[in-house]
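What follows is the residue order along each chain.
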Amino acid sequence: MCSSDLDVPRGSGYRGMTQVVVQRGQTLWSIAAAAEPSANPWTVVQRIIDANALSGARIQAGQLLWVPKG
């Protein structure tokens, strides 16, 4: 997972998150599990969906996503 920490303004809904580029073959589940290995993946997937205003669990390679920093 290729990620880069960004300067996120204080009070932003993205605080405590980092942006990643979805790689071929990745799923929201695999991204969530890598981001927060000790957390419930269902909860992390929902946080990713909410943070990115996704309409479902479909993602594609090259897409930028905000994910929690683990």
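Thresholds applied
Residues numbered from 1 in each chain as written. Predicted model: local features only at pLDDT ≥ 70, side-chain atom pairs only at ≥ 80, totals over all residues. Heavy atoms only, no water. Helix = DSSP H or I, 4+ residues; strand = E, 2+ residues; numbered from the N terminus. Buried < 20%, exposed > 50% of the residue type's maximum accessible area, 1.4 Å probe, protein only. Contact = heavy atoms within 4.5 Å. Areas by Shrake-Rupley, 256 points an atom, 1.4 Å probe, with all protein chains shown as cover. Pairing = 2+ DSSP bridges. Phe/Tyr/Trp six-rings, centres within 6.5 Å; stacked < 30°, edge-to-face > 60°. Core = buried A, V, L, I, M, F, W, Y, C linked by side-chain atoms within 4.5 Å.

Novice: I keep staring at the overall build of the protein chain and nothing clicks. Help me out?
Specialist: Assigned secondary structure in the protein chain consists of two helices and three strands. Secondary structure elements of the protein chain occur, N-terminal to C-terminal, as β-β-α-α-β. Scored against the burial criterion, the 70 residues of the protein chain give a buried share of 33%. Sequence separation of at least 24 residues holds for 58% of the intrachain contacts in the protein chain that already meet a minimum separation of 6. Of the roughly 4,600 Å² that the protein chain leaves accessible, carbon and sulfur atoms contribute 50%.

Novice: Help me understand the pairing of strand β2 (residues 17-21), please; the structure alone is not making it clear to me.
Specialist: Remark: a regular strand shows side chains that alternate across the two faces of the sheet. Among the five residues of β2, four are classified as buried, and the element is accordingly described as predominantly covered. Bridging between β2 and strand β3 (residues 64-68) involves five bridges; their strand directions are antiparallel. When the bridges of β3 are listed, V20 appears paired with L65.

Novice: Any chance you could explain unusual backbone geometry here in plain terms?
Specialist: Peptide bonds are mostly trans, and most non-glycine residues show a negative phi. Even without being glycine, A53 reaches a positive phi, approximately 50°. Relative to the helices and strands, A53 resides in the loop between α2 (41-51) and β3.

Novice: So what exactly am I meant to see when it comes to the packing of aromatic side chains here?
Specialist: By convention here, two paired aromatic rings are described through the distance between centres and the angle between planes. Enumeration according to the criterion identifies one aromatic pair in this entry. Consider the rings of W29 and W42, whose centres lie 5.1 Å apart with planes at 75°: the pair is edge-to-face. With W29 in helix α1 (residues 28-35) and W42 in helix α2, this pair connects stretches of sequence that are 13 residues apart. Residue classification places W29 among the partly exposed positions, given a relative accessible area of 40%. Residue W42 is classed as exposed on the basis of its relative accessible area of 62%.

Novice: Please clarify how the side chain of N52 should be interpreted in this entry.
Specialist: Within the secondary structure layout, N52 lies in the loop between α2 and β3. For N52, the contacting residues outside a window of four places in its chain are L64, L65 and W66.

Novice: Just to check I follow, could you spell out the nonpolar core for this structure?
Specialist: Within soluble globular proteins, side chains that are nonpolar generally end up buried alongside one another. In terms of nonpolar packing, the biggest core is built from 13 residues, with L28, I31, I48, L54, I59, L65 and V67 touching the most fellow members. Elements supplying a minimum of two residues to this core: α1, α2 and β3. At four residues, the largest contribution of residues to this core is made by α2. Ignoring any residue separated from it by four or fewer positions in sequence, one finds I48 in contact with L28, I31, A32, L54, L65, W66, V67 and P68.

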